[in-house]
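Close look at the chain arrangement
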Amino acid sequence: MATKSVSVLFVASEMLGLAKTGGLADVALYLPQALQCAGQTVNVFIPYYKQIAQKQQSAQQVHHFCLPTPVGHSDIEYHVRSIEHQGLSVYLVDCPHYFDRLSLYGEHNLGYADNGERFAFFCAAVLQTCFEFSLAPKIIHCNDWHTALVPFLLKTRFGEDGLFQDTRAIFTVHNAAFQGTYPRNQMWMIPEISGHFIGKIQQEHHDINLLKCGILYADKITAVSPNYAAELLTDLGSHGIASAFRERSEDLFGILNGCDYQCWDPQHDPLIPHNYDIDHLQNKSKCKQFLQESLGLPVRSVAVYGMVCRLTEQKGVHLVIPALREFLRHQVQVVVMGTGDLALAGQLHALAMQFPDRFVFMTTYTEEHAHQIEAGCDYFLMPSLFEPCGLNQIYSLAYGTLPIVRDVGGLRDTVNDYDREPHCATGFVFQEPSCLALLNLMRRSLLFYLQEPKEFQRLRKNAMRTKFLWSTTVTQYQQVYQSAQLDVFGSQEES
Ligand code: GLC
């Protein structure tokens, strides 16, 4: 059955090229682009952060609006700037009080205390703007807790509103560890919450759990990989809110993110020193040599391991550090690039001092180095404690850099383990979230590299042949959009 073309409003807290802290930003660019390629009309809403204001902006139209607030408060004035970004029409919600700050969500590893209020405003402003523009999308596609009040407000404040009668809300969970739990009084501009007790979104200490708003009020919910969708139904995988996901299990779908192979293609990548493809892998060795030189490591034919990530527990950095203390005794080279937790960064610095010709820690993230690490390494480490989808292991596959991952979330959906599925293997997978399990597998991968070079090349080619196309992802989202709309028409017919 052909998918009906619907117009989609994509709402997110970050977007690649404008403001980015993590993989969400990539999805907020590539998914709308792919939807547009599939014939949908797409608009994107994100906040107008200082970072965006500082960039040279192309032509923009500016609209002035006022968000009505409850009695006793002054209405909030804001602007909406509409720009064209990488072929997409993007609306930027500009309210300096909330978004003209040094960073997107916080400073010195601490979230801004009023994040609940900031994003409550953002959600209310998105719908208010639609209302002012008489913009009635068929689908409003929201992402993570920052946008979770949109589905809530659509069902409550705008539930009776004719404009949105055909609008359905989709809520995508990129990371359920971040739930947006804030004191109820931060929701002062949302009287539907501040003036009512709604038990199901309530948390201890009068806090409101915004993620639950998205889960419980959206028409359909998606998670960024099938395995993560299954994990969200468990207490561990959902970070304690499994009951909300279980309540919506019939409307919960797992859809794997795609990869932007225009940006991540070793054959055409302008950021790597030598381009290569599956039939010309000699140039991958040259990339390795270049990486060693640029990192100041001796140019040797040893196995090189890379890791690019935020320095957080989620990414398993606290497992990697003790594992590296042992692993670096072998003839190997390892490079870690990432920013985040200062204590973890300190330990990585200490390792670099201890093993200067085997280990490099890069404290500033650059796209260029991310590409050069993918191209120049033999293995890529991703021992995440949890990983909703994960993008770097997908990039690694494309670059023939075998991922070493934990059997969790989207990592399970994207990497085939050599021991379990030798024929179609693309990497190595371990189970237990322990330093020892990781160290054992790293040692196993080193022996494999040294003793079975032919098998290593076969896996490398398997990896490079693996593709996760956005066009496939989009087809699945369109099916979810369509089912959200069919539900409505079904229920209208019944009444
Ligand atoms: C979050 C998740 C990551 C996922 C990304 C994009 O950053 O932690 O696993 O790939 O969102 O969906």
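Above this text you will find the structure in question.
The following paragraphs examine the structure supplied in this document. (Residues numbered from 1 in each chain as written. Predicted model: local features only at pLDDT ≥ 70, side-chain atom pairs only at ≥ 80, totals over all residues. Heavy atoms only, no water.)

1. Focus on the side chain of Thr 172
Put simply, the rule reads: Comment: elements are numbered from the N terminus, with helices defined as DSSP H or I runs of at least four residues and strands as E runs of at least two. Every residue pair with non-hydrogen atoms within 4.5 Å of one another is taken to be in contact.
Position of Thr 172 among the secondary structure elements: in strand E9 (residues 168–173). The residues touching Thr 172, leaving out its near neighbours within four places in the chain, are His 141, Cys 142, Asn 143, Asp 144, Thr 222, Val 224 and Tyr 477.

2. Points about the sheet that holds strand E14 (residues 303–308)
What counts, and what does not: When DSSP finds two or more bridges between a pair of strands, those strands are recorded as paired. Axis definition: a line fitted to C-alpha atoms, over the contacting stretch in the case of helices. Angles run 0 to 180 degrees between N-to-C directions.
If you trace the six strands from one edge of the open sheet to the other, you get E16-E15-E14-E17-E18-E19, paired in parallel fashion. What marks the edges here is a single partner per strand, and that holds for strand E16 (359–362) and strand E19 (428–430). Direction aside, neighbouring strands of the sheet carry axes that sit 15° apart on average. Bridge count between strand E18 (residues 402–406) and E19: three bridges; the pairing is parallel. Opposite Ile 404, over in E19, you have Phe 428 as the bridge partner.

3. Focus: the nonpolar core
To keep it simple, the criterion reads: Residues belong to a common nonpolar core when they are buried Ala, Val, Leu, Ile, Met, Phe, Trp, Tyr or Cys residues joined through side-chain atoms within 4.5 Å. Relative accessibility under 20% of the residue-type maximum defines a buried residue, over 50% an exposed one, and the middle range a partly exposed one, all with a 1.4 Å probe and only protein chains included.
Phe 121, Leu 149 and Ile 190 are the most contacted members of the largest nonpolar core, which has 98 residues in total. Per-element tally for this core: the top contributor is helix H4 (residues 115–133), with ten residues. Membership of the second largest hydrophobic core comes to 80 residues, among which are Cys 259, Tyr 261, Tyr 276 and Tyr 379.

4. Let's talk about the site of the ligand
In plain terms, the rule: Here a residue is near a molecule or strand as soon as one of its heavy atoms is found within 4 Å of it. As used in this structure description, the phrase polar contact means that two N or O atoms lie within 3.5 Å; if the pair is within protein, one of them must be able to donate a hydrogen and the other to accept it, and residues adjacent in sequence are counted only when both atoms belong to side chains. Residue burial considers only the protein chains on display, and all accessible areas are found by Shrake-Rupley using a 1.4 Å probe. Classification used: nonpolar for Ala, Val, Leu, Ile, Met, Phe, Trp, Tyr, Cys and Pro, charged for Asp, Glu, Lys and Arg, polar for all others including Gly.
The immediate surroundings of the ligand are formed by 13 residues, with His 174, Asn 257, Glu 387, Cys 389 and Gly 390 found nearest. Glu 387 has a polar side-chain atom sitting 2.5 Å from an oxygen atom of the ligand. In isolation the ligand exposes 310 Å². Once the protein is present, 94% of that is buried. Looking at the shell around the ligand, its residues break down into six nonpolar, six polar and one charged.

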